[in-house]
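# Observations on chain architecture
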Amino acid sequence: MKITVIGSGYVGLVTGACFAETGNEVLCFDIDERKINILNKGGVPIHEPGLKEMIARNVAAHRLHFSTDVDHAIAFGMLQFIAVGTPPDEDGSADMSYVLHAARNIGRKMNARKIVVDKSTVPIGTADRVRGVIEEELKRRDVNIDFTVVSNPEFLKEGAAINDFMKPDRVVIGSDDARAIRVMRALYAPFQRSHEELLIMDARSAEFTKYAANAMLATRISFMNELANLADHLNVDVEMVRRGIGSDPRIGYHFLYSGTGYGGSCFPKDVKALLRTAEQTGVSLDVLSAVELANEKQKHILVQKVCRRLGENLSGKTIALWGLAFKPNTDDMREAPSLVIVRELLRRGARIAAYDPEAMAEAQRVFEAEKKKITYASTPMAALENADALVLVTEWKAFSSPDFDAIKNALTTPLLFDGRNIYDPDTVRSAGLEYFGIGRR
């Protein structure tokens, strides 16, 4: 098939590369000339394991192309995937301007039948709005061209997006158009050889499914974080509790890890958008409101632990920070807990020595205003030199098995604050370090 992917960000690039990988011819379109220039020169503007190699392989095979030419993009693919951003608006609702602009361009430029696929995470009812915008443009042109709009939300985890796309646990298709469903089934057939994972439903239910999935996962995270905070006061090890409840098949182990709160481009934005949708509808989502509040509070927990040990005034103290990205295997710092942690420590007078395997360049951009108080180390151990404490924020594999004796010798005060509970407290303490986890006895 010939596919146009509108938007060459995280979702768009992964979608385009994976479709090209299975033999389709794909054109990734974006209005950002800098981004398209990077891609056409062999670079990749985001960090996602395996993506650069997959893009290079399919560009070499002439199956994957990049362009800023909107006329060419709309003419190219019978399938038009809209994969642009839907950032939160000031009131928390999803900003639909990019999605509707893409739809308007399709209506203005299309000259043959199109299947328009909403891949972006969008509010309930967006398929209807996209359809309306395209119909409006076709009417303005006084032409009658057949098209249909399909909802096909993405369920990709940053850091594992290639595997998630190539081996999906479900593919949600929202449409009542039999022909479009046949096309989408054929498109996704190579990704489901063992058995079909396609879930066919109406577009509004498909749109809701995406929000509901992220809201449920965010709820599990906040629930476990609140249990961990209680465990801190009851001499309970929340890691043992996690294993105890996770062994129940009705609960399972996924997303039951306590830490410094969730971040990234999905959970915070989607929780806010769903709350805003409920508010506009006159429905109260009390549980989800509590999830959001608990997560914002959780981002302050590590700083509170540092201050309880070192005092509220951290002037003259240097805190070593391991991890800046919101999760491992990405350079994404959107809504990352590190944003709150770094700024709270700086506000109390501390200096920061930070290290992250991938997010250093992004951190320097994000913390431009605070650059005089932050140094970026070349290695994890270099960040510890003359530091008064080590604070682990992101659970990169590179941090999993450090030399605790070397950590103790490098720090001026042997303090380790484990924001992701990745270390065994007894092992850390046996090296002479004071250990502070999240809900660890």
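Preceding this paragraph is the structure being described.
Report follows, based on the coordinates. Just so we're clear, the structure is a prediction, and the values are computed from it rather than from any experiment.

Bringing the overall build of the protein into the picture now. A tally of helices and strands in the protein yields 17 helices and 14 strands. Computed over the C-alpha atoms, the radius of gyration of the protein is 24 Å, within 12% of the 22 Å expected from 2.2 N^0.38 for a compact globule of 441 residues. Dimensions along the principal axes, computed over C-alpha positions, put the protein at roughly 75 × 45 × 45 Å. At a minimum sequence separation of 6, the contacts of the protein that also span at least 24 residues come to 74%.

Let us now look at the side chain of aspartate 30. With respect to the helices and strands, the residue aspartate 30 is situated in the loop between β2 (25-29) and α2 (33-40). We classify aspartate 30 as buried; its relative accessible area is 10%. Of note is the side chain of aspartate 30, whose polar atom sits 2.8 Å from the backbone nitrogen of aspartate 32.

With that settled, consider the packing of helix α9 (residues 203-234) against helix α11 (residues 267-281). Packing of α9 against α11 leaves a shortest axis separation of 9 Å and a crossing angle of 115°. As summarised for this structure, α9 and α11 are arranged roughly perpendicular, according to the angle between their axes. At the point where α9 passes α11, the crossing takes the left-handed sense. Residues Phe208, Lys210, Tyr211, Asn214, Ala215, Leu217, Ala218 and Ile221 of α9 form the contact with α11, whose participating residues are Phe267, Asp270, Val271, Ala273 and Leu274.

With that settled, consider the packing of helix α13 (residues 301-310) against helix α14 (residues 337-347). Packing of α13 against α14 brings their axes to within 9 Å, and their N-to-C directions diverge by 30°. By the angle class used here, α13 and α14 are roughly parallel. Pair α13 / α14 crosses with right-handed handedness. Residues Leu302, Val303 and Val306 of α13 pack against Ile341, Glu344 and Leu345 of α14. The class makeup of the residues in the contact of α13 with α14 is 5 nonpolar, no polar and 1 charged.

What follows is about α14. Because each turn of an α-helix spans 3.6 residues, side chains separated by three or four positions end up pointing in the same direction. Burial analysis of α14 places 8 of its 11 residues in the buried class, which makes it a mostly covered element. For α14, the complete set of buried residues consists of Pro337, Ser338, Leu339, Ile341, Val342, Glu344, Leu345 and Leu346. Of the surrounding secondary structure, the elements contacted by the buried residues of α14 are α13, β9 (318-322), β10 (351-355), α15 (360-366) and β11 (374-376). Of the residues one or two after α14, glycine 349 is the one with positive phi, at around 100°.

Judged by nonpolar contacts, the single largest core of 59 residues is most densely connected at Ile319, Leu321, Trp322, Leu324, Leu345, Ile352 and Tyr423. Broken down by element, the residue count for this core peaks at 6 residues, all from α13. Residues contacting leucine 324, with those up to four places away along its chain left out, are Met333, Ala336, Ser338, Val342, Ala354, Asp356, Ala359, Met360, Ala363, Phe367, Tyr376 and Thr394. Ala20, Phe66, Val150 and Ile173 belong to the second largest nonpolar core, which has 39 residues in total.

Attention now goes to the pairing of strand β5 (residues 114-118). Most of β5 is tucked away, with 5 of its 5 residues classed as buried. A two-sided burial pattern is seen for β5, the buried positions comprising Lys114, Val116 and Asp118 on one face and Ile115 and Val117 on the other. Here 4 bridges tie strand β4 (residues 79-82) to β5, and the two strands are oriented parallel to one another. Along β5, the bridge assignment pairs isoleucine 82 with aspartate 118. Handedness of the crossover joining β4 and β5 through helix α5 (residues 97-109) is recorded here as right-handed. Bridge count for β5 against strand β6 (residues 147-151) is 5 bridges, and the pairing is parallel. Pairing of aspartate 118 across the sheet is with serine 151, part of β6. In the classification by handedness, the crossover that spans β5, the intervening helix α6 (residues 126-141) and the parallel β6 is right-handed.

It is worth spelling out a nonpolar patch on the surface at this point. The grouping of Leu230, Leu234 and Val236 at the surface amounts to a nonpolar patch, some 250 Å² of accessible area in total. On the secondary structure map, leucine 234 appears in helix α9. Residue classification places leucine 234 among the exposed positions, given a relative accessible area of 52%.

A few words on the sheet that holds strand β12 (residues 389-392). Paired through backbone hydrogen bonds, the strands of a sheet run either parallel or antiparallel to each other. One open sheet holds the 6 strands; their spatial order is β11-β10-β9-β12-β13-β14, and the pairing between them is parallel. Sheet topology places β11 and β14 (434-436) at the edges, where each strand pairs with a single neighbour. Going from strand to strand, the sheet's axes swing by 20° on average, the running direction of each strand aside. α13 rests against β9, β12, β13 (415-418) and β14 of the sheet, and its axis sits at about 160° to β13.

Once that is clear, we can look at the pattern of salt bridges. Using the criterion set out here, one finds 34 salt bridges in the structure. Among the salt bridges present, the one from glutamate 136 reaches arginine 104, with a minimum N-O distance of 3.2 Å. Within this pair, whereas glutamate 136 is found in helix α6, its partner arginine 104 is found in helix α5, the two being separated by 32 residues in sequence. For arginine 104, a relative accessible area of 21% corresponds to the partly exposed category. With a shortest N-O distance of 2.7 Å, arginine 113 and aspartate 146 are connected by a salt bridge. Here the residue arginine 113 occupies a position in the loop between α5 and β5, and aspartate 146 occupies one in the loop between α6 and β6, the gap between them amounting to 33 residues.

Here the focus is the environment of valine 183. Take valine 183: it is sitting in helix α8 (residues 178-188). Along the chain, valine 183 and leucine 79 lie 104 residues apart, while their C-alpha atoms are 9.1 Å from each other. When sequence neighbours within four positions are dropped, the list of residues in contact with valine 183 reads Met1, Met78, Leu79 and Ile115.

Here is what the cut-offs are and how they apply
- Residues numbered from 1 in each chain as written.
- Predicted model: local features only at pLDDT ≥ 70, side-chain atom pairs only at ≥ 80, totals over all residues.
- Heavy atoms only, no water.
- Helix = DSSP H or I, 4+ residues; strand = E, 2+ residues; numbered from the N terminus.
- Rg over C-alpha atoms; globule rule 2.2 N^0.38 Å.
- Contact = heavy atoms within 4.5 Å.
- Buried < 20%, exposed > 50% of the residue type's maximum accessible area, 1.4 Å probe, protein only.
- Polar contact = N/O pair within 3.5 Å; in protein donor to acceptor, adjacent residues only side chain to side chain.
- Axes fitted to C-alpha atoms, helices over the stretch in contact; angles between N-to-C directions.
- Parallel < 35°, antiparallel > 145°, perpendicular 65-115°, else oblique.
- Left-handed = near helix turned anticlockwise from the far one by under 90°.
- Nonpolar A, V, L, I, M, F, W, Y, C, P; charged D, E, K, R; others polar.
- Core = buried A, V, L, I, M, F, W, Y, C linked by side-chain atoms within 4.5 Å.
- Pairing = 2+ DSSP bridges.
- Right-handed = clockwise from strand over helix to strand, strands pointing away.
- Patch = residues over 30% accessible without salt bridge, like charges linked within 9 Å, V, L, I, M, F, W, Y side chains within 5 Å.
- Areas by Shrake-Rupley, 256 points an atom, 1.4 Å probe, with all protein chains shown as cover.
- Salt bridge = Lys/Arg side-chain N within 4 Å of Asp/Glu carboxyl O.

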